[in-house]
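Structure at a glance
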Amino acid sequence: MYDLDDFDDGYYDEEEYYEDYGPPKPKAPPQKPKAGGAKAPGPSSMGKGVCQAAPKSAGGARGRAVKAEKARGFPAAPGAGRGFGFTSPSPDEEALSARKDSAGAGPASASAAASAAPARRPLSEYDLEAELVEACFREPGEAPGSLPALSLVVLGHVDAGKSTLMGRLLSETGAVGKERIHRLQRDMGGDGGAEETPWAWVLDERTEERSRGVTVDVASARFSTSRRSVRVLDAPGHRDFVPNAIAGASQADAALLVVDGAIGGFEKGFSAAPGGSLGRGGGQTREHVQLARCLGISQLAVCVTKLDTLGGAGYPGAEAAQERFEAVRQQLEPFLSKAGFRPGTVQWLPASGRTGDNLVCRPAAPELAWFQGPTVADAVDAFKASDRRVEMPFRMPVAEVLPKSRDLGATPAAGRLEAGAVVAGTEVRVAPSGRVVKVKKLQSQGDPRELARAGDAVEIGLLGLEEGELRQGDVLCHPSFPVPVVQRLEARVVTLDIMVPLLRGSEVVVHAHVAAVAGQVTEIRARLDPKTGAVQKERPRCVTRHQAALLVLELERPLCLEKYSDYKGLGRVTLRDGGHTVAVGTVTELLEYE
Ligand code: GDP
């Protein structure tokens, strides 16, 4: 598959990339020049507004109910219990309903106090402010005594064993105390011999805390290994939650793909048929992998779970467990390779949340003694930590607007810094509203912080913003080097396993970082060679499955975006339609913005 990332994160070297994929930058066809790139609204501008927010997580009470239902042996609604429920609209639906409301809708967070965007200056003119340099100097590398940060997204089909694995890992690394596990066991009504384990409930409890307004950031949990401080991002397995997986993966440095190794389990999660994998009844493994890669994640570990089920009541014997592990690997590896995760770079391991095998310590089960590779904790340690692009102007997409708090004020924002740095007292601009406000206070998981730098996930208290003046999908940015608020853009995309071709006029939901907004394909500028990126055909009538193309997208409401070459995390887009991901790509030109 044509791959959109530049592989500049050290995991692949450039020469290997060229060998495999050819030059990464296709030659763009000639474009209409736009004076200074400044905004020039076309007749088809569809009104203004803020980035459409994805809905907040539904409460964990539902999550618990789902787990309780599972514990009682009822099949839970697939994927229920996380993110949002089937009763609440998905981010795609919200973006589409915003389309209906958009006529005449002004920017919700714009107010009289919004200041006009300064004349756009080249990013190269930016010099990190002296106070930030000093703060970075005082906090070299990481905060004293802390470990390099890593944001990890956990991917996999529903019921693959993600929650169980992560819950147990949190317990074994000491992030969750024994008392809490005992309390969960008691709440489950567990009698010790129950089929269900409390591990899967650990993450759901966090969701419940969030719904009660306890300040935790968008990550569902954190834990530390000997070498990394890890922030876990949820990527629920059901297709209706894929927009949440996009938001999670867009903030991650690495991915852990959990695969059900039980007979039939892997096949179900990996199935393409009937109807294909991409949200049409098949497994989520394929879509998650493709999304993760196209959202820029190049570090992957695959964890095969449930090998203990092969023998009925327990492990089937070393030979059968190894055979199954290898069989899963053989089927998955070519797919991963095609998606851009090359064989030598992916870590493979068996592990079990239920038995605790190979999480932090080498497997206790003699049936897994054949495995000489990494534990889950080793695999995490081997991932490269967050990139820190501190020298760029500040950018932080608001992944969540937290409830009012005494420490952080009326509208605390949680998210991960894409670039730059902030300290308390720094002025930041809220885009798209244009409000310039002061940072009141910074926290990380409730602990005060002096400084937040690119790669850090923090909670930021902002002075002077009222409730409702900040939304998920907004971007906090440098007041003199603001993020472009984009109405029309050119994107280089690859289509996935689509049934209906993309045409001029196709309506899509455009996801970027943690925002989603309705949009339309207004032009297909070129079809590109998926291998080399060279223009194959100018202005084709349509783009079908697994093709690369250069599209122009018109957004119904402006979205904070950057060119991929400037800020990777803000320059990736995912196009969805009818609950399916149709294409993923990168922003190559901003055609209309302010
Ligand atoms: P998720 O939807 O991917 O988060 O999956 P869960 O963690 O909720 O697990 C789904 C079911 O598989 C639960 O009943 C778990 O107890 C069970 N499970 C998870 N991991 C294992 C494992 O390694 N072995 C066995 N036998 N069952 C497991």
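Residues numbered from 1 in each chain as written. Predicted model: local features only at pLDDT ≥ 70, side-chain atom pairs only at ≥ 80, totals over all residues. Heavy atoms only, no water.

For the protein chain, the helix and strand inventory stands at twelve helices and 25 strands. Put simply, 75% of the contacts in the protein chain that link residues at least 6 apart link residues at least 24 apart. Carbon together with sulfur atoms contributes 51% to the accessible area of the protein chain, which is approximately 22,700 Å² in total. (Helix = DSSP H or I, 4+ residues; strand = E, 2+ residues; numbered from the N terminus. Contact = heavy atoms within 4.5 Å. Areas by Shrake-Rupley, 256 points an atom, 1.4 Å probe, with all protein chains shown as cover.)

We now examine the nonpolar core. Membership of the largest hydrophobic core comes to 73 residues, with the highest contact counts inside it found for M166, L256, V302, L332 and L336. Per-element accounting of this core gives the leading share, seven residues, to helix α11 (residues 318-339). Both domains that meet at this core, namely domain 3 (151-382) and domain 4 (485-593), each give it at least three residues. Excluding its chain neighbours within four sequence positions, the residues that come into contact with M166 are V154, L203, F223, V232 and L256. L551, V573, V587 and Y593 belong to the second largest nonpolar core, which has 27 residues in total. (Core = buried A, V, L, I, M, F, W, Y, C linked by side-chain atoms within 4.5 Å. Buried < 20%, exposed > 50% of the residue type's maximum accessible area, 1.4 Å probe, protein only. Domains from an automatic or database assignment.)

Structurally, T285 is set in helix α10 (residues 285-294). Excluding residues that lie within four positions of it along the chain, T285 makes contacts with H157, L257, G269, F270 and L332.

We now examine the pairing of strand β19 (residues 507-512). Look at any regular strand and the pattern is simple: side chains alternate between the two faces of the sheet. Within β19, five of the six residues are buried, which leaves the element mostly enclosed by the surrounding structure. Joining the antiparallel neighbours β19 and strand β20 (residues 515-528) is a turn of two residues, in which H513 adopts a positive phi near 35 degrees. Sheet topology places β19 next to strand β24 (residues 572-577); three bridges connect them, and they run antiparallel. Bridge pairing links V510 to L575 in β24. (Pairing = 2+ DSSP bridges.)

A few words now on the pairing of strand β1 (residues 149-155). β1 sits mainly inside the fold: seven of its seven residues count as buried. Going residue by residue along β1, you find A149, S151, V153 and L155 tucked away on one face and L150, L152 and V154 tucked away on the opposite face as well. As paired elements, β1 and strand β4 (residues 254-260) share four bridges and run parallel to each other. The residue of β4 that forms the bridge with L155 is L257.

Attention now goes to the pattern of salt bridges. In the structure shown here, the tally under the stated rule is 15 salt bridges. Between D253 and R416 there is a salt bridge; the shortest N-O distance is 3.2 Å. Placement of D253 in the loop between α8 (242-250) and β4 and of R416 in strand β9 (residues 413-416) is noted, with a sequence separation of 163 residues between them. Residue classification places R416 among the buried positions, given a relative accessible area of 13%. (Salt bridge = Lys/Arg side-chain N within 4 Å of Asp/Glu carboxyl O.)

Another aspect to go through is the packing of α10 against α11. Between α10 and α11, the least distance of the axes is 9 Å, while the angle of their chain directions is 30 degrees. The orientation of α10 with respect to α11, classified from their angle, is roughly parallel. The handedness of the crossing between α10 and α11 is right-handed. When α10 is examined against α11, the residues T285, R286, V289, Q290 and R293 are found in contact with a partner set consisting of L332, F335, L336 and A339. Tallied by class, residues from the contact of α10 with α11 come to five nonpolar, two polar and two charged. (Axes fitted to C-alpha atoms, helices over the stretch in contact; angles between N-to-C directions. Parallel < 35°, antiparallel > 145°, perpendicular 65-115°, else oblique. Left-handed = near helix turned anticlockwise from the far one by under 90°. Nonpolar A, V, L, I, M, F, W, Y, C, P; charged D, E, K, R; others polar.)

On to the packing of aromatic side chains, then. All told, the structure shown has six aromatic pairs when counted by the stated rule. Grouped by ring-pair contacts, the aromatic residues F266, F270 and F335 constitute a single cluster. Its guanidinium or amino end placed over the ring of F270, R286 lies 4.1 Å from that ring's centre, counting from NZ or CZ. One cation-aromatic arrangement involves R293 over F341; the distance from NZ or CZ to the ring centre is 5.6 Å. (Phe/Tyr/Trp six-rings, centres within 6.5 Å; stacked < 30°, edge-to-face > 60°. Lys NZ or Arg CZ within 6 Å of the ring centre and 35° of its normal.)

Here we take up the environment of M396. Inspection of the secondary structure assignment puts M396 in strand β7 (residues 395-397). Here M396 falls in the buried class, since its relative accessible area comes to 0%. Taking C-alpha positions, M396 is 9.7 Å from V458, a pair spaced 62 residues apart along the chain. Once you skip the residues sitting within four places of it in the chain, M396 turns out to touch A413, A414, G415, R416, L417, E418, V458, I460, D474, V475 and L476.

We now examine the confidence of the model for the protein chain. Across the protein chain, pLDDT averages 76, with 70% of residues at or above 70. Counting contacts from residues 1-88, a segment whose pLDDT is below 50, to residues more than four positions away or on other chains yields 224 contacts. Here residues 208-219 is a poorly scored stretch, pLDDT under 50, and it has 36 contacts once near neighbours within four places are set aside; other chains count. (pLDDT = per-residue confidence, 0-100.)

Another point: helix α6 (residues 178-187). All of the buried residues in α6 are R180, I181 and L184. The buried side chains of α6 occupy one side of the element, clustering within an arc of 100 degrees when seen end-on. Opposite its buried face, α6 presents the exposed residues K178, E179 and R186, each directed more than 90 degrees away. (Arc of directions from axis to C-beta.)

To continue, consider unusual backbone geometry. In most cases, non-glycine residues show a negative phi, while peptide bonds are predominantly trans. A431 connects to P432 through a cis peptide bond whose omega is 10 degrees. Checked against the element boundaries, P432 lands in the loop between β11 (427-431) and β12 (435-444). Even without being glycine, K306 reaches a positive phi, approximately 60 degrees. In this structure, K306 sits in the loop between β5 (300-305) and α11. Even without being glycine, R539 reaches a positive phi, approximately 45 degrees. In this fold, R539 is placed in the loop between β21 (535-538) and β22 (542-543).

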